[in-house]
Structures are given as C-alpha cells and as structure tokens.
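Fold and geometry: a report
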Amino acid sequence: MTTADFAAFSNHAVMFASIVYVLAFLSFVMEWAVARKTPATVSVTATAPAAERELVAATAELSGGEGVSTPAAPDNSADQDHELRVEKWGRIGVALMVLACGLHFLGLVTRGLGADPVRVPWGNMYEFTLAGTFGVSVMFLLLMRRYELRWMGVLVSGFLVVVLMLDVLVLYVPAGPLVPALHSYWLVIHVAAAVVASGAFAVGALASLLYLVKNRATERGTLRENGYLSRLPELTVLDRVAYRVHAFGFPIWTFAALVAGPIWAEYAWGSYWNWDPKEVWAFITWVIYAAYLHARATAGWKGRLAATIALIGFASLLFNFVGINYFFGGGSMHSYAGN
Amino acid sequence: MTAQTTGLEKLDEPRDPPPSTPPALSPVELARWAWRQLTSMRTALVLLFLLALAAVPGSVVPQRNIDAVKVSQWQEQHPQLTPIYDKLGLFDVYGSVWFSAVYILLMVSLVGCFVPRLRIYWRAMRAEPPRAPRHLGRLPEARTFDTDEKPEVVLARARKVLRSRRFRVVERDGAVSAERGYLREAGNLLFHLSVLVVLVGFAFGQLFGYKGGVITVVGQGFSNSLSQYDDFDPGSLFSPDDLDPLSFDVDDFHVKFLTSGPEMGQPESFDADVTYRSTPDAAPRKYDLAVNHPLQVDGTSVFLVGHGYAPSVTVRDGNGDIAYQGPVVFLPQDSSFSSFGVIKVPGAKPAQLGFEGLFLPTYGFTMKQGPFSQFPDPLDPALSLVPYHGDLGLDTGAAQSIYSLDKDKLTPYASKDPKRLGPVARIKLTPGQTVQLPNGDGSIRFDGVRRWVKLQVSHQPGKGWALGGVVIGILGLMGSLFIRPRRVWVRAVRRDGRTVVELAGLDRSSGGDLADEVDDLHDRIATTKESKA
Ligand code: HEM
C-alpha cells in the first residue's frame, strides 16, 4: 500500500469503527430495555440487613454487574428467560465493542503509516482525539474484564460515538508530517501514557458520576424498581470500582505528566518545566486526583465528596485537552497541537 | 454499613481526625492543637485544592518569566487592571507570596504528617500481628465451620496456609493472628518523602539556575556572558560567576520546508552546525544542533529554539559615506516567515536615518493585503521598507528596543503618488538593488540574505534530584496503591465435642476484594487434606 492508500484506509477504518460503536451502543440499549421488563434483583437485596448487603455487594463486584449476569434465583421461568435475553444483548454489545476497538486501532495505526515520513498518529487535535477515544475504549474493555463493568457499556459506547463523530466532522485534517518539536521518542511515550491514563480516568469518572446519580436517587427515594440505576451495582461497589480505576490511572498519569513530559520538554525547549498552560493544567489535574485519593482515604469523606472531586479532576483533564488549544491559542507552546 | 465502617476504623491504626474546635487551653496546648489541625489529612486535602486553584491564574494571565513581551502587550491593553494585577503578583504567579504560602504550608503539613507516621510505621513493622478481637463474627468478612479435628491441628494448618501466603503469623490463646502488606505504608511514606525531594530539586534549579535566549546570525559567534544575551531569566540566587565559560560559532544552518501537501510551508526539520569550546583554551569541537538534540557541556545546555532571516544592507548617507553595513535581524511574524524589523543608522549625516518594514522571503502582493510572503524559503526575497529621517532618539539615554523605531522625531518621506500608494513613501528592494532616498539623503542597498538562529542557553542544577525523586515516588505510589494490607484471625475452640473454627479478615486498604480471599482461606483451612500450597 502507498502512503495515500494508508491514509484513505485509516479514514475508512475510523468510519467503520464509529458505525460498530453505534451498533454496540444499540445492543447495550437493548440490554437495558429488556432488563426494564424484569424486576431488578437489587430491589430484593435493598431490604436485606446491612451486613448481608455488604456481602452481596462485595460478591457482586466479583461475579458481575448486580442482577445482570447473576440472575439471583428468579421465581419463574419467564423471568429466567428474560435474564437470558438481557445477558444475550449484553454479550453482543461487548463483542461489538471489541470489534469496534480493533477497527479503531487499525484506523490509528494506518493514520501513522499514512503520513510521510511514517510517524506516531498523534500530531494534531484530530489525531489526539482519535488516540484519546481509543484509550477510553481499550481501558474500558480491559477494566471491564477485571472489574466487571459491563453495566457501563451503554454510557461508554455512547460517549465514544459522540466524540468520534465530532472528531471526524469538526477536527479532521488530512494526514501530514510532524512539526520538528514533535520528533522525539519521548513524545511517543508521553502521549501513550497520557492516553492510557486519560482512558482510565474517563472510566473512573463515569463510575463516579453514576455513584452520585444513584446516591441522589436513593436519598430522594426516586430509585425506580427496574430502572437502569437500580440495576447498577451497590453504591459501595460503585465507589470501590471508581477508586480502583483511578488508582490504576494515577501512577500512569504521574509518569506521563511529571516524568515523560518534562523529559521531552527538556529536549525540545531546553527546560523541563516551563509553567506553560498545558503543563500547569496537567499539574492541576494531578493535584486534584491526589486530593481525590486523600478524600477516599479519609473516613467520612468517602463516597459523595470523593466522587465529586473525581469529576472535577476529569473536568480539568478535559479542559486541558480541549480548552487550552482553543482558548489559549498561541499562548501555549503546546498549541501546535491545534493547527 | 456506617456502624461497621466506624468499627473498622477503630480497629485500624489511630488516624482519628482532630477535634475541630479549639478547646479553651493554654498557649502551649493551643499551639499543639493548631499543629494537629495543620497536619491533619483534611488540611492536606484543602491545601492540595488550594494549590490547584492557585496555579490557575498563571495559565490565564501572561507570565513575566515566560513571555515578557506578551506581558507588556497585555499591560498596554489593560491599563486599569495592570496596577491591581501587579500588586496581586498575577504576572509572576509561581513566584508570588500567596502561591509560595500555599505550597510551603503544604510542605510543612507534609513533614508534620510524615515524621509521626514514620515513627508509627517503625513500631508497627516490629510489632506482632494484633490479638484476635473477641467477636470475630462481627468483622465485615467472617466465616465459621466446625470439624472433628483438634483445635491445634486446625490452627497449625491455618498457620501453614497463611505463611505460604506471606502473612506474618503468631498464635496466642487458641487463636492465630496474621498480617500482611507492611510495605504498603512504606510505599506511601516513600512517595510523600519523594514529593519533598522533587520540590527541593526543583526549587534548587529555580533559585540557582538561569535561562537565556540569544539570537546569533549564522557566521557569527557567542560567548557566555551576560551582555551577550537578548533576554535572560536568572534564578533569585544566581550570580553571573556561575556562567560557564562556554563559547561557540554558528557555522551553518539548514532548514527544510515541505514544498507540497496540505501542510506545505511547515518546517520538516532544521539544524545548525556549531563549533564550540567549553573553555577559551579548550580544543574546538563540532556539534550538530537540532530540535530535540541539544548540546550539553558541563551542565550547561544549548538548545536550538528558532530561526529567521537577517537581510544584509549597506546604507550610505547624504555625504555618500557608508553609515551602516551588515546583517539586521528581522523577526518572523507568521509561518511563511514574513519578518518585521527596523534598521537604525545613527551615524548618517546630515540627518539620522531609520527604516521599518518587512522582509519577505518569497514576495507576493495583493492590493487588499499589501506585500506578503508566499513561502518560508527565500525563493524570491524582497525588502519592503518605509524610510524615515530625523532623530532616532538614541541620545536620551532611555533604553530602546532594537526591534522598534522611536518615531517621535522621525519623519517619513512623502509618496510620489499619494492617491494610489498612500501618503508615505515605501521602497521595495530585491537582492543587489540600490534605492536612492529623496532629497539626496542617501541610499540603501540590499546586499543579500543571511539567516539567524535563536539559541537558548540554560543551566538547571537539581535536575537529577527532581527526576530521581519522581521515579522513586512512582514506585512508592505503586506500592501504596496496589499492595493490599490484610489482617486475618483464626480461632478454634472445642464446643460440644466438636471444634468450632471462626475465621475473619480485615482489609486495611480502601479498595479490597476481601470476601474472595477469605473464602479461599476458608476452603484451604477447612479441608482435612494437606493443602499443597
Ligand atoms: C504535596 C502534597 C501531597 C501529595 C501530592 C499527596 C499525595 C498522596 C497520594 C497520591 C496518596 C494516595 C496513596 C494511597 O491512596 O494509598 C496519598 C495518601 C496519603 N497521604 Fe498524602 N499527599 C500529600 C500531602 C499529604 C499530607 C500533608 C498528609 C498529612 C496529613 C498526607 C497524608 C496521607 C496519608 C495518611 C495517606 C494514606 C492514605 C491511605 O491510607 O490510603 N499527605 N497522598
């Protein structure tokens, strides 16, 4: 294949990936639509004594989303049938996510091969977004296996569809070479680590968001019996999942923002820390996530406060990604990313 | 759930929040109370937030030590806000009193938090796993089973299983206590210590280091002394004696621009050949200086950060004498390298001469836009200048930028065709061309184009400390986040002719999957078959 072929292939792969993400999203929607017709098993445990609930919550985390993949002794075969259909749609959704993620990866790789000379596929906003969404997708799939996060699928796939769509429609630029400041293998390491960490933080932010929403609904007593919220894992599980995902992302972010980034800056600009807006916001994001971990470890500040801090952290991450390039323009040395 | 959490906290190390209102106390006790407040986890959290907040303005308002030119532009546009912002230190946020106050408080809090924890950890390291609580069944994860085996046999097996899981194990009063994951706290302490190390390394570099920019025309040289710099940003404890006696010549410069494709005109690569000496009598060495490929000599680094054009001109005055000859640095304005610059000729007689205008590497012209550059390479170079005569204002003693003309006492020449060309005369020169100024005031010849490079020279001591600190910090952090400390107790008592075994675990970190583990232990301890683990 020639360079131009690769570039064209990349565009097609991204398009197909988007379409498959849409299909995955629809499957997850179906999963929940079918589930709505079945009483959630959680509603049973919600009335159980506290100690038992903790136990259920803890096992639910290991064995799958509450009531979704563990039909807890349905009382008749119709219910069992329903649960099977729920399970089926969920699995189709996951399979489609894996397929879309593979296509996404192909799109990313061929984007790099489609530039002359061949380079890493993250040199402008279009490519950063492509790589960032890929990070979210991969991290979701990996973490899903580990922490049983299928209940998040509908939100993650929906998020990916919207962001990829915007990326292709608004940010697209044809493949081209890098500006000289970006010729460094530290850039490869820096961005790769930032993408992985951002992916984890995105998943963590979703878990924290769901925690807050469910917490509010629980407090107000507006939790509908078989709605999405009541089928989500217990609050304690949501909180714990959010913590684990953030704990996974934080050291990687530390490495990306405070090791790889400064080393690259040292080579490119002659000073490892320049208080450039992009650096400042990477630092701010880091400090907020450190505060999150502190809040999570402080008795009484777990839960709602910690979840709120996690969301603030993610907002600052997003702002750094999007806002700096748009609002600060030439004020940031990193702004060539926005050309 | 809540009741359980508090129970859990009590079993845990004492990390109770201090009382939030000051009791009526003697000064000593009050000081102690204040210290406890400062070193509490909550304060640390609030200070972390404050630090994040305090860092924000520096990304919004232009900063003096980053881009002094932008600061002055901003100040010109906002004359009312400037004095207020100046008072608040908003043009130098990261050196301001309030920013320093936040991170110094945080560091004090950190040390105050760190030292006692070190002591507690030291004790905990050497202590035996704590005694089994009386009611094991009340712990969040508890199991019981009964068996015909003797208690000693069950407990012996429990010890073996737990040891093989790298628990520290003791047996007291018919119960086994076991604990694991001591390194978590060590990792956490290491991480917090490394925060201090990084900060010290960073501060050292900021205080004793320097960073300077110098524009050197290709073919000319540079020696490392203060007077040679165009801009210089020293740390507050820097002394000029710290400058290394480095010198170099810029021999040649290469740049390649893309000549096709959607990013046409973008530089693909640029580099400069330099010859340097680390001391005046050292042997000269050659180096190929490029972006991401700095020159490093004895802790001083030289970076290639930019480039541009320096048109060479010869200016003759009204008497026909050469009043100026040589390259003049023009600063690029856009990606096509339209470059702005001024030529000052104070030695011209009878009147001083000044020129202001653009250098265009590939000349283009439209009525709407005026002269512009079509491509960054000098394919069809031209100078488009407005000449002035009069007094350059250099004698007043006030410092003047070499990139702008003080036009107070300068007059432009009238245009020949004011209707079509505007009121002011403008001259266009291509290489080799000479233009006579009106009234016999002199002439200017465009001799040719040379390039300049912008180099940044910097020295940041403490770099290694900062880097080493972060790397060790990450290792500590991983220990702190991923090592899961556990306590497990097993009690076996003879009751009604059978042995009742109680097994309970406690997760001392905040994200465990304890149930699974306790189940697993239960299975291994309950089987009579010798487990192979
Ligand atoms: C520059 C300031 C600080 C930063 C960046 C920072 C960062 C962190 C991080 C990332 C953690 C998470 C590790 C974990 O969850 O195990 C942590 C834990 C902790 N920090 Fe800090 N910290 C700072 C200051 C302080 C201060 C001033 C205190 C004193 C009150 C403190 C006390 C603690 C404690 C006790 C933990 C352990 C929490 C646990 O057991 O999970 N930190 N810190």
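One structure accompanies this document, and this report is about it.

Analysis parameters
- Residues numbered from 1 in each chain as written.
- Chains lettered and ligands numbered in written order.
- Predicted model: local features only at pLDDT ≥ 70, side-chain atom pairs only at ≥ 80, totals over all residues.
- Heavy atoms only, no water.
- Helix = DSSP H or I, 4+ residues; strand = E, 2+ residues; numbered from the N terminus.
- Expected span 1.5 Å × (residues − 1).
- Contact = heavy atoms within 4.5 Å.
- Axes fitted to C-alpha atoms, helices over the stretch in contact; angles between N-to-C directions.
- Parallel < 35°, antiparallel > 145°, perpendicular 65-115°, else oblique.
- Nonpolar A, V, L, I, M, F, W, Y, C, P; charged D, E, K, R; others polar.
- Pairing = 2+ DSSP bridges.
- Near = heavy atom within 4 Å.
- Polar contact = N/O pair within 3.5 Å; in protein donor to acceptor, adjacent residues only side chain to side chain.

One turn of an α-helix holds 3.6 residues; hence residues three or four places apart share an orientation. Residues and elements named next belong to chain B. Its 14 residues place the ends of helix α8 (residues 151-164) 20 Å apart at the C-alpha level, agreeing with the 20 Å of an ideal helix rising 1.5 Å per residue. Against the buried residues of α8 lie β1 (141-147), β2 (168-172), β3 (175-180), β23 (486-495), β24 (498-507) and α12 (514-526). Just downstream of α8, R166 is the residue with a positive phi angle, here 60°.

With that out of the way, let us pick up the packing of helix α9 (residues 235-269) of chain A against helix α11 (residues 463-482) of chain B. Running from N to C, α9(A) and α11(B) cross one another at 170°; their axes reach a closest spacing of 10 Å. Our classification of the angle between α9(A) and α11(B) gives roughly antiparallel. Packed against α9(A), whose contacting residues are A:Y243, A:A247, A:F248, A:F250, A:P251, A:T254, A:F255, A:L258, A:V259, A:I263 and A:E266, the element α11(B) presents B:K463, B:L467, B:V470, B:I474, B:L477, B:M478, B:L481 and B:F482 at the interface. Here the residues of the contact of α9(A) with α11(B) are counted per class, giving 16 nonpolar, one polar and two charged.

Now for the sheet that holds β2(B). Residue and element names in this part refer to chain B. Spatially, five strands are ordered β1-β24-β23-β3-β2 in an open sheet, and the strand pairing comes out antiparallel. Pairing within the sheet leaves two strands with one partner each, and these edge strands are β1 and β2. For this sheet, the mean angle separating the axes of adjacent strands, direction not counted, is 15°. Relative to β24, β1 is paired through seven bridges, and the arrangement is antiparallel. When the sheet's bridge partners are listed, D146 is paired in β24 with V500.

In the vicinity of the ligand there are 26 residues, among which A:H294, B:C113, B:R184, B:H192 and B:S480 approach most closely. In this structure the ligand sits where residues from chains A and B come together. With respect to the ligand, the side chain of B:H192 contributes an N or O atom lying 2.7 Å from a nitrogen atom. Between the ligand and the protein, one listed contact pairs an oxygen atom with a side-chain N or O atom of B:S480 at 2.7 Å. When contributions to the shell around the ligand are tallied by element, the ones reaching two or more residues are α9 and α10 (277-297) of chain A together with α3 (41-55), α7 (97-126), α9 (183-208) and α11 of chain B. For the shell around the ligand, the element with the most residues is α7(B), which contributes six residues.

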